Amino acid sequence: MAAKTNSSGDRKARIEAMRRAERSRERRNRILTIGASVLIVAGLVVGGTVLIRSQSDDNGSSVAGDSKSTGKWETGSDGVKTWSAKLAQNHVTKTVKYPMEPPVGGDHNPVWQNCNGDVYDKAIKNENAVHSLEHGAVWVTYNSKASEADVKALAEKVKKTPYTLMSPVEDQKDPIMLSAWGHQRTVTSAKDPNLDKFFETYVQGKQTPEPGAACTNGVS
């Protein structure tokens, strides 16, 4: 019992530390945004021209295949699936065809989906969500087979946990799924103990390509 209490206390302390760091980053970002606004306007003009030329040179295709993500799932004894190949981290502005649903990594949009305990009641773009995973977020997803009670309970948990987000993904295999960069698992309900285990392991976990990167000021 003491060990469990200590683990809970350590996790709360880690979450609080992440919240303090996020608030500090937000203050710095506001200052930088004000100071850089003129440069951004100038950059948009140049960047827009470059983007148009880049898109024109790509044979008119609007879908980017994540060619580097050619691996497969490997399931551990704990039920967590790990993608066997290294996942690409390129920033792209097109739709990406991922080899898994929901995706757990690969090329993604330059702007992340807000993941500071954000709950979305409509589908979000995979490309933005994958960027959130790159920042160390856990993405909770569900489809129409999940019970209303479970969806409500999951939302309450996500809202209390920084570096998490939640949204519906109708095409996923199981009613409730959890995704982190390179890792994924199914849980049976909001009361499944594997839910807490996944959060404890993968929220800003060792798998994170960019630990500490922002989960706010993105797409909301």
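Structure report, in brief.

Cut-off values and rules
- Residues numbered from 1 in each chain as written.
- Predicted model: local features only at pLDDT ≥ 70, side-chain atom pairs only at ≥ 80, totals over all residues.
- Heavy atoms only, no water.
- Pairing = 2+ DSSP bridges.
- Helix = DSSP H or I, 4+ residues; strand = E, 2+ residues; numbered from the N terminus.
- Axes fitted to C-alpha atoms, helices over the stretch in contact; angles between N-to-C directions.
- Parallel < 35°, antiparallel > 145°, perpendicular 65-115°, else oblique.
- Left-handed = near helix turned anticlockwise from the far one by under 90°.
- Contact = heavy atoms within 4.5 Å.
- Disulfide = S-S within 2.5 Å.
- Buried < 20%, exposed > 50% of the residue type's maximum accessible area, 1.4 Å probe, protein only.
- Arc of directions from axis to C-beta.
- Polar contact = N/O pair within 3.5 Å; in protein donor to acceptor, adjacent residues only side chain to side chain.
- Phe/Tyr/Trp six-rings, centres within 6.5 Å; stacked < 30°, edge-to-face > 60°.

1. What about the sheet that holds strand S3 (residues 81-83)?
Pairing in this open sheet of 7 strands is mixed, and the strands run S2-S3-S9-S8-S6-S7-S5 from one edge to the other. Where the open sheet ends on each side, the last strands, each with one partner, are strand S2 (73-75) and strand S5 (116-119). Direction aside, the axes of adjacent strands within the sheet are offset by 20° on average. As paired strands, strand S8 (residues 176-180) and strand S9 (residues 183-186) are joined by 4 bridges and run antiparallel to one another. In the strand pairing of S9, Leu178 is matched with Arg185.

2. Remarks on the packing of helix H3 (residues 148-159) against helix H4 (residues 193-202)
Look at H3 against H4: their axes get within 13 Å of each other, and the N-to-C directions meet at 25°. Comparing their axes, H4 and H3 come out roughly parallel. At the point where H3 passes H4, the crossing takes the right-handed sense. Seen from H3, the contacting residues are Leu154, Lys157 and Val158; seen from H4, they are Leu195, Asp196 and Phe199.

3. Describing the state of the cysteines
This structure, assessed with the given rule, holds 1 disulfide. Across the disulfide from Cys115 sits Cys215; the S-S distance is 1.6 Å. The disulfide joining Cys115 to Cys215 has a torsion of about -90° about its S-S bond and is therefore left-handed. Of this pair, Cys115 sits in the loop between strand S4 (95-97) and S5 while Cys215 sits in the segment after H4, and the two are 100 residues apart along the sequence. Overall, Cys115 belongs to the buried group, its relative accessible area being 0%.

4. With respect to unusual backbone geometry
Here Glu101 and Pro102 are connected by a cis peptide whose omega angle stands at -5°. Phi is positive for Gln204, which is not a glycine, with a value near 55°. Mapped onto the fold, Gln204 is located in the segment after H4. Positive phi, close to 60°, is recorded for Asn217, a residue that is not glycine. Its location among the elements puts Asn217 in the segment after H4. Owing to a relative accessible area of 53%, Asn217 belongs among the exposed residues under this scheme.

5. Side note on H4
Of all the positions in H4, only Leu195, Phe198, Phe199 and Tyr202 are classed as buried. Viewed end-on, H4 has its buried residues packed into an arc of 100°, placing them on one side of the element. Opposite its buried face, H4 presents the exposed residues Pro193 and Lys197, each directed more than 90 degrees away. The N-cap of H4, judged by a side-chain oxygen 2.9 Å from the amide nitrogen of Asn194 a few residues on, is Asp192. Following H4 by one or two positions, Gln204 adopts a phi angle in the positive range, close to 55°.

6. Focus on the packing of aromatic side chains
Tallying each qualifying case throughout the model produces 2 aromatic pairs. Judged by centre distance (5.2 Å) and plane angle (85°), the rings of Trp73 and Trp83 are edge-to-face. On the criterion of sequence distance, the pair formed by Trp73 in strand S2 and Trp83 in strand S3 is long-range, its members being 10 residues apart. Centre to centre, the rings of Phe198 and Tyr202 are 4.5 Å apart; their planes meet at 45°, and the pair counts as tilted. Residue Phe198 and its partner Tyr202 are located together in helix H4, separated by 4 residues, close to a single helical turn.

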